[in-house]
There are 2 protein chains.
Amino acid sequence: MTEHGESARGEAESPSAERGRRGAGRDRGHADARLRSHDLQLDERSKAIIEALQHDGRRSYADIAKEVGLSEAAVRQRVAKLVENGTMQIVAVTNPMQLGFQRQAMLGLQVTGDLAPLADEICGMEQVDYVVAAAGTYDLLVEVVCEDDEELLALLGRIRTLPQVLRTEVMTYLKLWDQRYNWGTR
Amino acid sequence: MTEHGESARGEAESPSAERGRRGAGRDRGHADARLRSHDLQLDERSKAIIEALQHDGRRSYADIAKEVGLSEAAVRQRVAKLVENGTMQIVAVTNPMQLGFQRQAMLGLQVTGDLAPLADEICGMEQVDYVVAAAGTYDLLVEVVCEDDEELLALLGRIRTLPQVLRTEVMTYLKLWDQRYNWGTR
DNA sequence: AATGAAAATTTGACGAC
DNA sequence: GTCGTCAAATTTTCATT
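Residues numbered from 1 in each chain as written. Chains lettered and ligands numbered in written order. Predicted model: local features only at pLDDT ≥ 70, side-chain atom pairs only at ≥ 80, totals over all residues. Heavy atoms only, no water.

- Taking an unreviewed UniProt entry as the reference, chain A is identified by name as Lrp/AsnC family transcriptional regulator belonging to Brevibacterium salitolerans.

Shown next, in the form of structure tokens:
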């Protein structure tokens, strides 16, 4: 079944399906904003389904069904809906460290001018995995993942060269303590 | 993703399976550090497998096999190994916004004393989804996801009350631009 | 890594609540 | 609209090479 595979990402283009928290796909605005957060009211069983899949995205529907007290078909339908909604997506997430990316950092950028085009340009850089506009000291927060210091240095050079970037602060990661993705079920 | 997540930061039970990037699980130290990043050399087919699963974590092995030119069994074995290693994990990631968490922020903390116990305590707060020790202006970067401003305010109150926290800067998220999780295959 | 057979799961359709 | 049952198709598992 390529299917469910497909359906799962089928809409890859589908908005929220594209991202979870950091590390999830890359969706930006939600294309289908039909469903607003306040419209969503998950019952306990859907939450349980999400929790199960947050632990193991390939767990069988039958297995989950037994756990939450629904039929396999019901679980399947709910998962499909959650994915269509963009409420959830099932994906592989990789470990940068294990893959040889040993230098991660958060960049705090103070910029001038229109944020959108700048953000787009920065998003286009392959070492960048997270770009968010913020209110506070920095206008843009950018998380980057590099193989080593040399790559980070080169990246900083490119970013600082951008005309709109006034100041760049580098917050090098020393140790990652915690990271979660269990929204909606806490 | 304990895998990469985990390996990155922990060895949760399944290491990387527990986290991707932000938003992935919550692994911290890697128990099975057998595999160090520099030991890892993925061939093109494993990369292709990872890429396929990054798009759709439930895609069938048979389907992937056709695409990468391996047998189903081979794909399955490689995936199992990648997950065991903590290089990758397949999980559901949810969209905070869609689930009613409309206030996200990055907190920059300046602290004193031993970082570890403080980081652990902050990790224990349910609104916290990402804690990283950094070099720079802030000792600790904490990403939080709240339902609303009231919850954020309450959380800030708790954090600022902690004896070790000298200063807290709040960088409220205005717009999420990009978020990726395709490490290892860029 | 690949093959083949057995077991389990997913899929799609249909009916019921 | 959501759920459950059922049979068919597909996939996964496991032993084997």
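Text resumes after the structure shown.
## Concerning the packing of aromatic side chains
And step 1. In the structure shown here, the tally under the stated rule is two aromatic pairs over all chains.
And step 2. Lying over the aromatic face of Tyr61 of chain A, Arg58 of chain B brings its terminal NZ or CZ to 4.3 Å of the ring centre.
And step 3. In this structure, Lys175 of chain B is placed above the aromatic ring of Trp177 of chain B, and the distance from its NZ or CZ to the ring centre is 5.0 Å. (Phe/Tyr/Trp six-rings, centres within 6.5 Å; stacked < 30°, edge-to-face > 60°. Lys NZ or Arg CZ within 6 Å of the ring centre and 35° of its normal.)

## Regarding the nonpolar core
Proteins that are soluble and globular tend to have nonpolar side chains buried together.
And step 1. Val75, Val79 and Met88 of chain A are the most contacted members of the largest nonpolar core, which totals 42 residues.
And step 2. When contributions to this core are tallied by element, the ones reaching two or more residues are helix H2 (44-55), helix H3 (61-68), helix H4 (72-85) and strand S1 (88-94) of chain A together with helix H2 (44-55), helix H3 (61-68), helix H4 (72-85) and strand S1 (88-94) of chain B.
And step 3. Among all residues touching Val79 of chain A, those that are not within four sequence positions of it are Ile49, Leu53, Tyr61, Met88 and Ile90 of chain A. (Core = buried A, V, L, I, M, F, W, Y, C linked by side-chain atoms within 4.5 Å. Buried < 20%, exposed > 50% of the residue type's maximum accessible area, 1.4 Å probe, protein only. Helix = DSSP H or I, 4+ residues; strand = E, 2+ residues; numbered from the N terminus. Contact = heavy atoms within 4.5 Å.)

## Side note on the pattern of salt bridges
All names here are of chain B.
And step 1. Summed over all chains, the structure comprises 13 salt bridges over all chains.
And step 2. Notably, a salt bridge pairs Asp43 with Arg78, separated by 2.9 Å at the nearest N-O pair. Of this pair, Asp43 sits in the loop between helix H1 (3-9) and H2 while Arg78 sits in helix H4, placing them 35 residues apart in sequence.
And step 3. Residue Asp43 is classed as partly exposed on the basis of its relative accessible area, which comes to 30%.
And step 4. Linking Arg59 and Asp63 is a salt bridge whose minimum nitrogen-to-oxygen distance equals 3.2 Å.
And step 5. The exposure class of Arg59 is buried, given its relative accessible area of 10%. (Salt bridge = Lys/Arg side-chain N within 4 Å of Asp/Glu carboxyl O.)

## Here's the deal with the sheet that holds strand S2 (residues 103-111) of chain A
And step 1. Here we have eight strands rolled up into a closed barrel, ordered S2(A)-S4(A)-S3(A)-S5(B)-S2(B)-S4(B)-S3(B)-S5(A), and antiparallel in their pairing. Neighbouring strand axes in the sheet, compared pairwise and without regard to direction, differ in orientation by 35 degrees on average. (Pairing = 2+ DSSP bridges. Axes fitted to C-alpha atoms, helices over the stretch in contact; angles between N-to-C directions.)

## Details of the pairing of strand S4 (residues 140-146) of chain B
Residue and element names in this part refer to chain B.
And step 1. Buried residues dominate S4, accounting for seven of its seven residues.
And step 2. Where strand S2 (residues 103-111) meets S4, seven bridges bridge the pair, whose relative direction is antiparallel. Its bridge partner being in S4, Arg103 is matched across the sheet by Cys146.
And step 3. Alignment of strand S3 (residues 128-135) against S4, held across five bridges, turns out to be antiparallel. From the neighbouring strand, Val131 faces S4, where its bridge partner is Val142.
And step 4. The antiparallel hairpin formed by S3 and S4 contains four residues in its connecting segment, where Gly136 sits at a positive phi of about 145 degrees.

## What about the packing of H3 of chain B against H4 of chain B?
Residue and element names in this part refer to chain B.
And step 1. In contact at an axis separation of 8 Å, H3 and H4 are set at 105 degrees when each is read in the N-to-C sense. Judged by the angle between their axes, H3 and H4 are roughly perpendicular. Residue-level contacts link Tyr61, Ala62, Ile64, Ala65 and Val68 of H3 to Glu72, Val75, Arg76 and Val79 of H4.
And step 2. Grouping the constituent residues of the contact of H3 with H4 by class yields seven nonpolar, no polar and two charged. (Parallel < 35°, antiparallel > 145°, perpendicular 65-115°, else oblique. Nonpolar A, V, L, I, M, F, W, Y, C, P; charged D, E, K, R; others polar.)

## Describing the pairing of S2 of chain A
Residue and element names in this part refer to chain A.
And step 1. The buried fraction of S2 amounts to seven of the nine residues, a majority that puts the element mostly inside the structure.
And step 2. Where S2 lies against strand S5 (residues 165-179), seven bridges are found, and the strand directions are antiparallel. Bridge pairing links Ala105 to Thr172 in S5.

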